[in-house]
Amino acid sequence: MHYNGVIDRYKKYLPVSDKTPVISLKEGNTPLIPALYLSKLLGEDLEVYLKYEGLNPTGSFKDRGMTVAISKACEEKVEAVICASTGNTSASAAAYAAKAGLKCIVLIPRGAIALGKLSQALIHGAVVLALDGNFDDALKLAREITDKHPIRLVNSLNPHRIEGQKTGSFEICDCLGEAPDFQVMPVGNAGNITAYWKGYKEYKDAGKISRLPKMLGFQAEGAAPIVRGHAIEKPQTLATAIRIGNPASWKMAEQARDESGGLIDMVSDDEIIEAYKILASKEGVFVEPASAASVAGLLKLHKQKYFSLKPKTQNLKPKIVCILTGHGLKDPDRAIKTIKEPKAVKANLKAVLKEIGY
Ligand code: AN7
């Protein structure tokens, strides 16, 4: 069977009609990988799964929302699209706009986005403006521009983005045959937690699942406005994707947390790097640092005995899904900095054998 992307698969749940010109790169349908090492590490009769969103066409979950936002922009015949971005939104917007033949404008914080993402926005032909400010400044400007000009905002404030991104939760439920017990994910501008929660609720209403997961969101310690209860003027974290001090969907994230009986907490950069290394070296899954925040959160909660304190409602092992939002190749510099440069060795047999211990 041919797979034709999230709009084709889930159109019944999306704001599209026969008149919508579907702009798709066959996003979605990403693997839900059993995390054997992490499941064993937790050792609490739990099953941990990794939803590897880095395998979307532009390497992040943003493509799920962008296919809907760009298709609707085409249907509504807008002239151009614009976004502020910590990188992945710009990569995705640039790619889908290229396919649609739309002009794309991208506002990024100068010097603060990973190289892979910058290269994508540039090569797909977006007009890329590197602003002397952070993400929050860029988003404010993008909103001001779209308020006054016929340019469509394709940040997650655009409801079509949320609609598309909710397909992530549909896929998890379709794969497991039920909702997971817990879903762990990074939180930046808070669009994705909003989208996943909306998706789970809609699937329950449609009778596809019988219960809802607890939503467990994690911010980076230096960029944790929701946890601290106030906006952060100068957010800091090496997980540049979630370096956001004033999330647009703040209220919706709190709603997802509270309605689901979950939590939003924070993890340090050291904890993020620890999880980043475990994912790559034990699970074989390379993600960007922001995505590792979900596994860092999982490990933090495990240390606090969060999962063992939860009553076991059934005989089945509770299932935890960690959303891995972006591919590791987005930010190769970080991987090399985290480990070390390869050792230089003479090109002769003796030298190589000596190094590898034979
Ligand atoms: C890999 O690209 O905000 O909480 O401008 O790239 O929905 O913002 C990216 C966010 C998590 C946080 N993981 O998701 C952008 C941008 C990765 C990301 C998030 C982002 P939201």
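Residues numbered from 1 in each chain as written. Predicted model: local features only at pLDDT ≥ 70, side-chain atom pairs only at ≥ 80, totals over all residues. Heavy atoms only, no water.

Undergrad: It is not clear to me how unusual backbone geometry should be interpreted in this structure. Could you clarify?
TA: The phi dihedral of Lys26 falls on the positive side, at around 60°, and the residue is not glycine. Residue position: Lys26 is located in the loop between α1 (6-10) and β1 (32-34). The class of Lys26 is partly exposed, set by a relative accessible area of 45%. One non-glycine residue, Ala190, adopts positive backbone phi at about 75°. Tracing the backbone through its elements, the reader meets Ala190 in the loop between β7 (182-186) and α9 (191-205). (Helix = DSSP H or I, 4+ residues; strand = E, 2+ residues; numbered from the N terminus. Buried < 20%, exposed > 50% of the residue type's maximum accessible area, 1.4 Å probe, protein only.)

Undergrad: Would you take a moment to explain the side chain of Lys62 for this structure?
TA: Relative to the assigned elements, Lys62 resides in helix α3 (residues 62-75). At 8.9 Å, Glu288 is the nearest oppositely charged side chain to Lys62, a buried residue that forms no salt bridge. Once you skip the residues sitting within four places of it in the chain, Lys62 turns out to touch Asn88, Thr89, Ser92, Arg161 and Gln165. (Lys, Arg positive; Asp, Glu negative; His and termini not counted. Salt bridge = Lys/Arg side-chain N within 4 Å of Asp/Glu carboxyl O. Contact = heavy atoms within 4.5 Å.)

Undergrad: How do you make sense of the pairing of strand β3 (residues 80-84) when you look at a structure like this?
TA: When a strand is regular, its side chains alternate between the sheet's two faces. Most of β3 sits inside the fold, with five of its five residues counted as buried. Here β3 shows a buried face lined by Ala80, Ile82 and Ala84 and a second buried face lined by Val81 and Cys83. In the sheet, β3 pairs with strand β4 (residues 103-109) via five bridges, with the strands oriented parallel. What sits directly across from Cys83, in β4, is Val106. A crossover links β3 with its parallel partner β4, the connecting element being helix α4 (residues 88-100), and its sense is right-handed. Here β3 runs beside strand β6 (residues 151-153); their pairing, made up of three bridges, is parallel. Among the inter-strand pairings, Ala80 is bridged to a residue of β6, identified as Ile151. (Pairing = 2+ DSSP bridges. Right-handed = clockwise from strand over helix to strand, strands pointing away.)

Undergrad: So what exactly am I meant to see when it comes to a nonpolar patch on the surface here?
TA: A contiguous nonpolar patch, built from Val345, Leu349, Val352, Leu353, Ile356 and Tyr358 and spanning about 630 Å² of accessible area, is present on the exposed surface. Summarising the element assignment, Val352 is placed in helix α16 (residues 349-356). On the accessibility criterion, Val352 (37% relative accessible area) is partly exposed. (Patch = residues over 30% accessible without salt bridge, like charges linked within 9 Å, V, L, I, M, F, W, Y side chains within 5 Å. Areas by Shrake-Rupley, 256 points an atom, 1.4 Å probe, with all protein chains shown as cover.)

Undergrad: Just to check I follow, could you spell out the packing of α4 against helix α5 (residues 115-123) for this structure?
TA: The geometry of a pair of packed helices is captured by two quantities: the angle between their axes and the separation between those axes. The contact between α4 and α5 brings their axes to 8 Å, and the two run at 25°. Taken together, the axis directions place α4 and α5 in an arrangement best described as roughly parallel. Remark: the crossing between α4 and α5 carries left-handed chirality. Residues Asn88, Ser90, Ala91 and Ala94 of α4 form the contact with α5, whose participating residues are Lys117, Gln120 and Ala121. Across the contact of α4 with α5, the residue classes break down as three nonpolar, three polar and one charged. (Axes fitted to C-alpha atoms, helices over the stretch in contact; angles between N-to-C directions. Parallel < 35°, antiparallel > 145°, perpendicular 65-115°, else oblique. Left-handed = near helix turned anticlockwise from the far one by under 90°. Nonpolar A, V, L, I, M, F, W, Y, C, P; charged D, E, K, R; others polar.)

Undergrad: Explanation requested: the environment of Ile209 in the structure shown.
TA: Mapping Ile209 onto the fold places it in the loop between α9 and β8 (214-220). Here the alpha-carbon distance between Ile209 and Pro180, two residues 29 residues apart in the chain, equals 9.8 Å. Setting aside anything within four residues of it in sequence, one finds Ile209 in contact with Cys173, Glu178, Ala179, Tyr200, Tyr203 and Lys204.

Undergrad: I keep staring at α4 and nothing clicks. Help me out?
TA: Here α4 spans 18 Å end to end across 13 residues, near enough to the 18 Å set by a 1.5 Å rise per residue. Of all 13 residues in α4, ten are buried, a share of seventy percent or more. All buried positions along α4 are accounted for by Asn88, Thr89, Ser90, Ala91, Ser92, Ala93, Ala94, Ala95, Tyr96 and Ala97. Contact partners of the buried residues in α4: α3, β3, β4, α5 and α7 (159-165). Phi for Gly101, located one or two positions after α4, is positive at around 75°. (Expected span 1.5 Å × (residues − 1).)

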